[in-house]
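Each chain, letter by letter, is given below.
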Amino acid sequence: MNNIVETYFKPYAAILDKQLDALLEERPFPYQSLFKAARYSILGHGKRLRPILTIATTEVLNGNIQAAIIPACALEMIHTYSLIHDDLPCMDNDDYRRGKPTVHKAFNEAHALLTGDFLLTYAFEILTEAPHLTEGQRLKLVQVLSAMSGAHGMIGGQVMDMEATNQEISYEQLRFLQVCKTGSLITAAIEFAAIISNASHEVSVQLSHFAHDIGFAFQIIDDILDVTAPEEKHGTKHSTDQQNNKATYVTLLGMEKAQQAADQLLQSAIQKLQQLPCNDVSLLANIAEFIVTRKS
Ligand code: GRG
């Protein structure tokens, strides 16, 4: 039984929460509502998959885990900003996220927009000051995060996703848009660890293939859960993809084939791990398995 959630996710989620709490400390600023909304959106909720992938990959590569904490927080800030903006009425118009009202419902639309903007800009600020890293490593982290979250990564993916609403798209179009939209930040999480650990070019490339497989599997399972467990996933009884009339792996492949595709990607990801020159890759294999077997 894969109990990686209890043994790894929960302890590191607590460490990440403590760090995020300190980074977003609420003080009597005249604009303190911004910090209130940021804290509301990011603290205490979410699986923390991306930051934990950075920490776990750093551990597998024998890197300095302390050096991975701030970069991991930066990733979670970018991820949270993307969720806040994605939930806005001009995009998916969702009322619930992470088991509670979305930021624009709990505050208002302008606050949600600005809170997302704040987390986006703050992520880069904290990266430039991240401890235990050289200037060169910080610069590479900034390069990777901006590339993966920008036009050729997450934002480009979101644009394709928006334009595909109410349209028939092919499996290949769906795969490409999801690799950009969802896969990019998962790739960034793994590439972060390679930078922090000074991994060789060959190891970085092999890890990016692993990241591709788990990112792809993550999205397929996300689509399955949208149908089978919408309440656990969104806090509502309805499939948001169906409501928004979006093509998903489930609508294009059917439930059974979508599950088979995720299982195959898990096997492929594990094979890639086994080719790494590392003593023990079981931590990453367990996280890959969690991605495919999770229930929310
Ligand atoms: C608005 C710039 C902009 C980008 C949005 C990634 C994204 C692009 C939007 C998220 C929409 C969405 C629900 C995509 C499906 C995959 C996904 C990212 C799910 C949420 O990630 P989890 O399951 O969430 O890791 P938690 O809450 O656990 O962190």
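What comes next concerns the included structure.

Conventions adopted
- Residue positions are given per chain, counted from 1 along the sequence in the order it is written.
- This being a predicted model, a pLDDT of at least 70 is required before a residue's local features are given, and a value of 80 or more before pairs of side-chain atoms are given or counted; all residues contribute to the totals for chains, interfaces and linings.
- Remark: hydrogens and water are excluded; side-chain values derive from all non-hydrogen atoms of the structure.
- Within this document, salt bridges are pairs made up of a side-chain nitrogen of Lys or Arg and a carboxyl oxygen of Asp or Glu, the two lying within 4 Å of each other.
- Numbered from the N terminus, helices here are DSSP runs of H or I no shorter than four residues, and strands are runs of E no shorter than two.
- Each residue is placed in one exposure class: buried if its accessible area under a 1.4 Å probe, protein chains only, is under 20% of its type's maximum, exposed if it is over 50%, and partly exposed if it falls in between.
- Only heavy atoms are used to decide nearness, and a residue is near a molecule or strand if one of them lies within 4 Å of it.
- Any N or O atom pair separated by 3.5 Å or less is treated as a polar contact, with the protein-specific requirement of one donor-capable and one acceptor-capable atom, and with residues adjacent in sequence counted only for side-chain atom pairs.
- To be clear on the numbers: accessible area is Shrake-Rupley with a 1.4 Å probe, and residue cover counts the displayed protein chains and nothing else.
- Note on residue categories: nonpolar means Ala, Val, Leu, Ile, Met, Phe, Trp, Tyr, Cys or Pro, charged means Asp, Glu, Lys or Arg, and polar means any other residue, Gly included.
- Any two rings among Phe, Tyr and Trp, with Trp reduced to its six-membered ring, count as a pair given centres within 6.5 Å; such a pair is stacked if its planes are under 30 degrees apart, edge-to-face if over 60, and tilted if neither.
- For a lysine, the NZ atom is tested; for an arginine, the CZ atom; a charge sits over a ring if that atom is within 6 Å of the ring centre and within 35 degrees of the ring normal.

For the rest of this paragraph, the subject is the pattern of salt bridges. With the rule as written, the count across this model stands at 17 salt bridges. We note a salt bridge from E6 to K10, for which the minimum N-O separation is 2.8 Å. Residue E6 and its partner K10 are located together in helix 1 (residues 4-23), separated by four residues, close to a single helical turn. Since its relative accessible area comes to 48%, K10 is described here as partly exposed.

Turning next to the site of the ligand. The immediate surroundings of the ligand are formed by 20 residues, with K47, R50, H79, D86 and R98 found nearest. K47 is positioned such that a nitrogen or oxygen atom in its side chain is 2.5 Å from an oxygen atom of the ligand. R98 has a polar side-chain atom sitting 2.8 Å from an oxygen atom of the ligand. Contact with the protein chains covers 91% of the free accessible surface of the ligand, which is 700 Å². Contributions of two or more residues to the shell around the ligand are made by helix 4 (65-87), helix 8 (154-164), helix 9 (171-196) and helix 10 (201-228). Per element, the largest residue contribution to the shell around the ligand is six residues, and it comes from helix 4. Per-class residue counts for the shell around the ligand are six nonpolar, seven polar and seven charged.

Time to look at the packing of aromatic side chains. Counted under the stated rule, the structure contains 10 aromatic pairs. On the numbers, 5.4 Å between centres and 75 degrees between planes, the contact of Y40 with F107 is edge-to-face. With Y40 in helix 2 (residues 32-42) and F107 in the loop between helix 5 (103-106) and helix 6 (109-128), this residue pair connects regions lying 67 residues apart in the sequence. One aromatic cluster is present, built from ring pairs that chain together F29, Y31, F35, F118 and Y122. In this arrangement the basic side chain of K100 is found over the ring face of Y40, its NZ or CZ atom lying 3.8 Å from the centre.

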